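Given next are the chains, with one letter for each unit.
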Amino acid sequence: MSTETQHAGANVSLARRAWSIRRLALRMAEVQGQGYIGQALGVADVLAVSYFHALNYKPEDPEWEGRDRFYLSIGHYAIALYSAMIEAGILPEDELETYGMDDSRMPMSGMAAYTPGMEITGGSLGHGLGIAVGAALGLKRKKNPAFVYNMMSDGELGEGSTWEAVMSASAHQLDNLICVVDFNDQQADGPTTQALARGDEAPKWAAFGWHAQEVDGNDLDALVAAFDTARTLSDPRPRVIICKTQMCKGVPFLEEREITHFVRVDPSEWARAIAILDDAIPA
């Protein structure tokens, strides 16, 4: 069931949701003067489609047993997920100013023990998909129809544990598991495509028995179609959506930075970035 038919505000466009996620992330990063803002801006469209088209959840009850689970394997993307959860009403906007501070429910790296709606503690990359496989198997055994989504980075495609989980999911025919890969071609030390993930990833997943799609991760219509296909596929196999995204999407002067894995933003540039978004607010 789509959240657009389930929650208030269904008449708000996905483009507006993605815009708001980007703006919230910028405001949050400004609190600390830093953050993984390149990833947050880049993945905002994917999160908008996830939370306002695909996921089944209750904002007022983050532990509702019937919810779809959204696992963030990439703990440093927490700022992006917090923004989506604020927009979804799971987290209150008035806590935004506490981002990264002592006793905040929004630490800089996502931790399940701190944050309502944060299903797992991400961080050591390559573990999220394995956790998602276990959760998907458990839900099947309980005959719970919920989906498990695992969002991971392209850098995690170089982790052996990821491919063990890929094989396990296929062996167990986990058709309730949807992996979402943010392929922005940036790691801490350089482009992902100069490391172990060469960029043509869908055939690898398909070879392991997954239903694999590759889409423009900043094209909302393409994302909606991909998520719908993944949810409604009748084949008894896990599904992956590889989303090619643009780091710092929506803020051109940041998009042009040579190093975007951890973007350096001068104090005066936060207001400039928000103003650029405000000048292009969608309907």
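Structural data are supplied above this passage.
Here's a quick rundown of the structure. What you are looking at is a predicted structure, and each value in this text was computed from that prediction instead of being measured. (Residues numbered from 1 in each chain as written. Predicted model: local features only at pLDDT ≥ 70, side-chain atom pairs only at ≥ 80, totals over all residues. Heavy atoms only, no water.)

1. Notes on the overall build of the protein chain
The helix and strand inventory of the protein chain stands at nine helices and five strands. From first element to last, N terminus to C terminus, the protein chain shows the α and β order α-α-β-α-α-β-α-β-α-β-α-β-α-α. Whereas a compact globule of 283 residues would reach a radius of gyration of roughly 19 Å, the protein chain reaches 18 Å, a difference of no more than 12%. Dimensions along the principal axes, computed over C-alpha positions, put the protein chain at roughly 50 × 45 × 35 Å. Buried residues in the protein chain amount to 54% of all 283 residues. Of the contacts made within the protein chain by residues no fewer than 6 positions apart, 75% connect residues no fewer than 24 positions apart. For the protein chain, the computed accessible surface area is about 11700 Å², with 49% contributed by carbon and sulfur atoms. (Helix = DSSP H or I, 4+ residues; strand = E, 2+ residues; numbered from the N terminus. Rg over C-alpha atoms; globule rule 2.2 N^0.38 Å. Buried < 20%, exposed > 50% of the residue type's maximum accessible area, 1.4 Å probe, protein only. Contact = heavy atoms within 4.5 Å. Areas by Shrake-Rupley, 256 points an atom, 1.4 Å probe, with all protein chains shown as cover.)

2. Notes on the layout of surface pockets
Approximately 200 Å³ is the volume attributed to the largest pocket. In terms of lining, the largest pocket is formed by 15 residues, of which the most central are Leu125, Ser153, Gly155, Gln187 and His261. By residue class, the composition of the lining of the largest pocket is four nonpolar, eight polar and three charged. (1 Å grid on protein atoms, 1.4 Å probe; cavity = no way out; pocket = protein on both sides within 12 Å on 5 of 7 lines; lining within 4 Å. Points joined across faces, edges and corners; volume = space filled by probe spheres on them. Nonpolar A, V, L, I, M, F, W, Y, C, P; charged D, E, K, R; others polar.)

3. Considering unusual backbone geometry
The phi angle at Asp103 is positive, at roughly 65°, despite the residue not being glycine. Position of Asp103 among the secondary structure elements: in the loop between α3 (78–88) and α4 (128–141). Its identity as a non-glycine residue notwithstanding, Gln173 has a phi of 50°, on the positive side. Along the chain, the position of Gln173 falls in the loop between α5 (160–171) and β3 (177–183). In this structure Gln173 comes out as partly exposed when scored by relative accessible area, which is 45%.

4. Considerations on empty space enclosed by the protein
Counted by the stated rule, this structure contains one cavity of 30 Å³ or more. What the largest cavity holds in volume is close to 120 Å³. Along the lines of polarity and charge, the residues of the lining of the largest cavity split into eight nonpolar, one polar and six charged.

5. What about helix α2 (residues 37–54)?
For α2, which comprises 18 residues, the first-to-last C-alpha distance of 24 Å matches the rise-based estimate of 26 Å (1.5 Å per residue) to within 8%. A large share of α2 lies buried, amounting to 18 of its 18 residues. (Expected span 1.5 Å × (residues − 1).)

6. Some points on the packing of α4 against α5
Following both chains from N to C, one finds α4 and α5 inclined at 20°, their axes separated by 8 Å at the closest point. Accordingly, the angle class assigned to the pair α4 and α5 is roughly parallel. Helix-helix and strand crossings are classified by hand; for α4 and α5 the assignment is left-handed. Between α4 and α5, the contacting residues are Leu129, Gly130 and Val133 on the first element and Thr162, Ala165, Val166, Ser168 and Ala169 on the second. Here the residues of the contact of α4 with α5 sort into five nonpolar, three polar and no charged. (Axes fitted to C-alpha atoms, helices over the stretch in contact; angles between N-to-C directions. Parallel < 35°, antiparallel > 145°, perpendicular 65-115°, else oblique. Left-handed = near helix turned anticlockwise from the far one by under 90°.)

7. So, the pairing of strand β4 (residues 211–216)
The two faces of β4 differ: His211, Gln213 and Val215 on one face are buried, but Ala212, Glu214 and Asp216 on the other face are not. Looking at chain direction, β4 and strand β5 (residues 239–244) are connected through six bridges and run parallel. The residue bridging Gln213 from the neighbouring strand is Ile241, located in β5. Handedness of the β-α-β unit built from β4, helix α7 (residues 220–232) and β5 comes out right-handed. (Pairing = 2+ DSSP bridges. Right-handed = clockwise from strand over helix to strand, strands pointing away.)

8. Description of the state of the cysteines
According to the stated counting rule, one finds zero disulfides in the structure shown. No disulfide involves Cys179; its sulfur sits 9.5 Å from the nearest other cysteine sulfur, which is in Cys243. Between Cys248, a cysteine without a disulfide, and Cys243, which holds the nearest cysteine sulfur, the sulfur-to-sulfur distance is 18 Å. (Disulfide = S-S within 2.5 Å.)

9. As for the packing of aromatic side chains
To describe a pair of aromatic rings, one takes the distance between the centres and the angle between the planes. Evaluated as defined, the whole model comprises eight aromatic pairs. When the ring of Tyr51 is compared with that of Tyr57, the centres are 5.6 Å apart and the planes differ by 65°; the resulting orientation is edge-to-face. Per residue, the accessibility class of Tyr51 equals that of Tyr57, and both read buried. With 4.8 Å between their ring centres and 80° between their planes, Trp205 and Trp210 make a pair best called edge-to-face. Here Trp205 matches Trp210 in class, with each residue buried. By way of ring pairs, the aromatic residues Trp163, Trp205, Phe208 and Trp210 are connected into one cluster. In this structure, Lys244 is placed above the aromatic ring of Phe183, and the distance from its NZ or CZ to the ring centre is 5.1 Å. (Phe/Tyr/Trp six-rings, centres within 6.5 Å; stacked < 30°, edge-to-face > 60°. Lys NZ or Arg CZ within 6 Å of the ring centre and 35° of its normal.)

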